[in-house]
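# Residue-level structural notes
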Amino acid sequence: MLRSLLIVLTAESSCPILDPLGRPAQAWFLGQLTRSHATLASRLHYEQGLKPYTVSTLLDERGRPLRAGGWLEPGQPCLLRITSFNEELSDALRKRSFVTREAPIS
């Protein structure tokens with residue numbers, strides 16, 4: 001089952017974008033998933049080969065990647081897209097049971 005979830009995030013403070021944000025976004029996603037689906041998160045993290053999901057880098061409101069060298073300003077919205085090709089993960093995405101309101105990406 002293919003499922004995609006688009007999460008809208010808002011910057012709380014001004015901060016530079018120093019590096020590509022794909023890996024930190026994936027780490028955030030797996031950390032959030034661990035809170036409510038620890039076994040699934042562990043299996044996805046340690047699985048060899050291609051992962052049955054994707055996590056985008058942070059995107060601007062038009063869906064374009066935010067690039068290193070730019071800045072996030074307070075109140076600026078940005079997006080994060082998570083896509084699943086795994087039925088169990090797709091179900092968690094559908095329920096949005098793993099995303100908390102106060103979950104900063106660092």
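Below you will find a few notes about this structure. Given the structure is predicted, the values throughout are model-derived calculations rather than measurements. (Residues numbered from 1 in each chain as written. Predicted model: local features only at pLDDT ≥ 70, side-chain atom pairs only at ≥ 80, totals over all residues. Heavy atoms only, no water.)

### Brief notes about the sheet that holds strand 3 (residues 53-55)
Taken in spatial order, the 3 strands line up as 1-5-3 in an open sheet, and their pairing is antiparallel. Since the sheet does not close on itself, it has two edges, and those belong to strand 1 (3-10) and strand 3, each with one partner. Here the average twist between neighbouring strands, direction ignored, is 15 degrees. Across 8 bridges, the pairing between strand 1 and strand 5 (residues 77-84) is antiparallel. Along strand 5, the bridge assignment pairs Leu-5 with Ile-82. (Pairing = 2+ DSSP bridges. Helix = DSSP H or I, 4+ residues; strand = E, 2+ residues; numbered from the N terminus. Axes fitted to C-alpha atoms, helices over the stretch in contact; angles between N-to-C directions.)

### Focus on the packing of helix 1 (residues 22-36) against helix 2 (residues 38-46)
Orientation of helix 1 relative to helix 2, taken along the N-to-C sense of each, is 145 degrees, at an axis distance of 6 Å. The segment helix 1 lies against helix 2, with Leu-30, Leu-33, Thr-34 and Ser-36 engaging Ala-38, Leu-40, Ala-41, Leu-44 and His-45. A per-class count over the contact of helix 1 with helix 2 returns 6 nonpolar, 3 polar and no charged. (Contact = heavy atoms within 4.5 Å. Nonpolar A, V, L, I, M, F, W, Y, C, P; charged D, E, K, R; others polar.)

### So, the environment of Leu-59
Mapping Leu-59 onto the fold places it in the loop between strand 3 and strand 4 (71-72). Every residue in contact with Leu-59, bar those within four places of it in the chain, is listed here: Arg-64, Pro-65, Leu-66, Cys-78 and Leu-79.

### Things to note about the packing of aromatic side chains
Pairs of aromatic rings are described using the distance from one ring centre to the other and the angle between the two planes. Enumeration according to the criterion identifies 1 aromatic pair in this entry. Considering the side-chain rings of Phe-29 and Tyr-53, the 5.4 Å spacing of their centres and the 50 degrees angle between planes classify their relative orientation as tilted. Linking Phe-29 in helix 1 with Tyr-53 in strand 3, this pair joins segments that are 24 residues apart in sequence. One exposure class covers both Phe-29 and Tyr-53, and it is buried. (Phe/Tyr/Trp six-rings, centres within 6.5 Å; stacked < 30°, edge-to-face > 60°. Buried < 20%, exposed > 50% of the residue type's maximum accessible area, 1.4 Å probe, protein only.)

### Digging into helix 3 (residues 87-95)
Taken as a whole, helix 3 has its buried residues at Leu-89, Ser-90, Ala-92 and Leu-93. Looking down the long axis of helix 3, one finds its buried residues gathered within 160 degrees of arc, a one-sided arrangement. When the buried face of helix 3 is taken as reference, the exposed residues oriented beyond 90 degrees from it are Glu-87 and Lys-95. Where the residues of helix 3 are buried, they touch strand 1, helix 1, helix 2, strand 3 and strand 5. At the N-terminal boundary of helix 3, the capping side chain belongs to Asn-86, with an oxygen 2.9 Å from the backbone nitrogen of Glu-88. (Arc of directions from axis to C-beta. Polar contact = N/O pair within 3.5 Å; in protein donor to acceptor, adjacent residues only side chain to side chain.)

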